[in-house]
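Report on the structure
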Amino acid sequence: MEGAGLVGKHILVTGGTGLVGRAIEKVVADGEGQLDEEWIFMFSRDADMMSTTETKALFEKHKPTHVIHLAATVGGLFRNICYNLDFWKKHTHHTHHMHSAYETGVQKVVSCLSTCIFPDKMMYPVDESMIHNGPPHSSNFGYSYAKRMIDIQNRGYFEQHGCRFTAVIPTNVFGPHDNFNIEDGHVLPGLIHKVCLAKHETGSALTVWGTGKPRRQFIYSLDLARLFLWVLREYDEVEPIILSVGEEDEVSIREAAEAILEAMDFRGELVFDTTKADGQFKTASNAKLRRYLPSFQFTPFRKAVKETCAWFNTNYANARK
Ligand code: GDP
């Protein structure tokens, strides 16, 4: 939203075309932007954020006062298992935005982490104080160790230079514009795509990988987008904050698959392929978020799943898959 003469904040969103970037764009367009904010949503083709030179040029061009850093290489459990080294390499080079932000006097940077970076075999629920307390789950050690370094740099830039850089830690995000690729993507978009194929092509059962017993705190991308706006405008800590529904709203993979069957109106049975991995435990506490925002309303899970399935059905031709 641009207000001539009123613009005070130039907000650069890197990774602006991904799941979360699109959601932020939508909530801003739907009226949650403010008159003194100009939003710049960046495409990956605009700059390679793993290059210091290109990142610097991007910051010099747009002169942001605020940055939401979403650009990242992400994948579901099964992609992480295969490419730990690649994830590590890419994400250790994905911190140039912080140095460019420091050099160009950016007032605030919000970077995006994930609850999968928490140590494996912890006391649950995990909270913000535990990020560095032990090795991550073996399935995604590359991504996790690299992403933890963003928190280290936030602390460093604050202590040495007084920068207000922080990070958010969302749980499992899903929604429109997700990556619906079955092999590479996360569980909900993967299962939605599988149901779609089963309905229209194979007519077979829905195969769910693993036992279906692991539990996840799914957060709808549009809810997460609203929380990002709050963090950008009002959250003043350098310490990260977990953005998640409560522990009471955690659902099992089986329950998630059932919600998709209902939303897609598919009567096939569920089959569990227990030769596939279950992944990690990662129940997270949203107590800190609730201390700040006790009455924030999350979209009910089944409603958000219905909206996501409807979006996928409508946008099937152009969806990432
Ligand atoms: P995670 O939450 O970081 O582990 O990543 P995912 O979103 O990939 O979720 C993985 C969990 O969903 C594991 O327990 C998998 O066994 C289970 N799962 C069941 N079916 C699928 C599927 O079709 N795709 C994926 N990615 N995971 C699945």
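As shown above, the structure is provided for reference.
What this report covers is the structure whose coordinates are included nearby.

Procedures and definitions
- Residues numbered from 1 in each chain as written.
- Predicted model: local features only at pLDDT ≥ 70, side-chain atom pairs only at ≥ 80, totals over all residues.
- Heavy atoms only, no water.
- Helix = DSSP H or I, 4+ residues; strand = E, 2+ residues; numbered from the N terminus.
- Buried < 20%, exposed > 50% of the residue type's maximum accessible area, 1.4 Å probe, protein only.
- 1 Å grid on protein atoms, 1.4 Å probe; cavity = no way out; pocket = protein on both sides within 12 Å on 5 of 7 lines; lining within 4 Å.
- Points joined across faces, edges and corners; volume = space filled by probe spheres on them.
- Nonpolar A, V, L, I, M, F, W, Y, C, P; charged D, E, K, R; others polar.
- Axes fitted to C-alpha atoms, helices over the stretch in contact; angles between N-to-C directions.
- Parallel < 35°, antiparallel > 145°, perpendicular 65-115°, else oblique.
- Left-handed = near helix turned anticlockwise from the far one by under 90°.
- Contact = heavy atoms within 4.5 Å.
- Near = heavy atom within 4 Å.
- Polar contact = N/O pair within 3.5 Å; in protein donor to acceptor, adjacent residues only side chain to side chain.
- Core = buried A, V, L, I, M, F, W, Y, C linked by side-chain atoms within 4.5 Å.
- Pairing = 2+ DSSP bridges.
- Salt bridge = Lys/Arg side-chain N within 4 Å of Asp/Glu carboxyl O.

1. Some remarks on unusual backbone geometry
- The omega angle of the peptide bond from Y124 to P125 is 5°, so this bond is cis rather than trans.
- On the secondary structure map, P125 appears in the loop between β4 (108-112) and α6 (141-161).
- Although it is not a glycine, K63 adopts a positive phi angle of roughly 45°.
- Take K63: it is sitting in the loop between α2 (52-62) and β3 (66-69).
- Here the phi dihedral of H177 falls at roughly 70°; this positive angle occurs in a residue that is not glycine.
- Relative accessible area serves as the criterion here: at 28%, H177 is assigned to the partly exposed category.

2. Let's talk about the layout of surface pockets
- Approximately 160 Å³ is the volume found for the second largest pocket.
- Lining the second largest pocket are 14 residues, and of these V245, D249, T299, P300 and F301 lie nearest its centre.
- Where the lining of the second largest pocket is concerned, the elements lending two or more residues are β9 (218-220) and α11 (301-314).
- Considering each element in turn, the lining of the second largest pocket owes the most residues, three residues, to β9.
- Within the lining of the second largest pocket, the residues separate by chemical class into 10 nonpolar, one polar and three charged.

3. Some details on the packing of helix α4 (residues 84-92) against α6
- The N-to-C vectors of α4 and α6 enclose an angle of 15°; their axes lie 7 Å apart at closest approach. The orientation of α4 relative to α6 falls into the category roughly parallel. In the packing of α4 onto α6, the handedness of the crossing is right-handed. Facing α4, whose interface residues are N84, F87, W88, H91 and T92, α6 presents F141, G142, Y143, Y145, A146 and K147.

4. Observations regarding the site of the ligand
- Near the ligand there are 18 residues, and of these L77, K194, R216, A277 and D278 occur at the shortest range.
- The side chain of K194 places a nitrogen or oxygen atom 2.8 Å from an oxygen atom of the ligand.
- D278 is positioned such that a nitrogen or oxygen atom in its backbone is 2.6 Å from an oxygen atom of the ligand.
- Taken together, the elements giving at least two residues each to the shell around the ligand come down to α3 (77-82), α7 (187-202) and β7 (206-209).

5. So, the nonpolar core
- One finds I24, W39, F228 and F301 to be the most contacted residues of the largest nonpolar core, which totals 63 residues.
- Ranked by residue count, the leading element in this core is helix α8 (residues 221-234), at nine residues.
- Beyond its immediate chain neighbours, meaning those up to four positions away, F228 contacts V20, I24, I68, L70, V110, C112 and V168.
- Among the nonpolar cores identified, the runner-up in size contains 31 residues, and F87, L113, Y143 and C163 belong to it.

6. Focus on the pairing of strand β2 (residues 37-41)
- Among the five residues in β2, five count as buried, and that is most of the element.
- Pairing of strand β1 (residues 9-14) with β2, which is carried by five bridges, proceeds in the parallel orientation. Bridging across to β2, I11 finds its partner in W39.

7. Observations concerning the pattern of salt bridges
- Taken as a whole and assessed by the stated rule, the structure comprises 14 salt bridges.
- A salt bridge links K121 to D120, with the shortest nitrogen-to-oxygen separation between them at 3.3 Å.
- Salt bridges sharing common partners tie together E32, D223 and R226.

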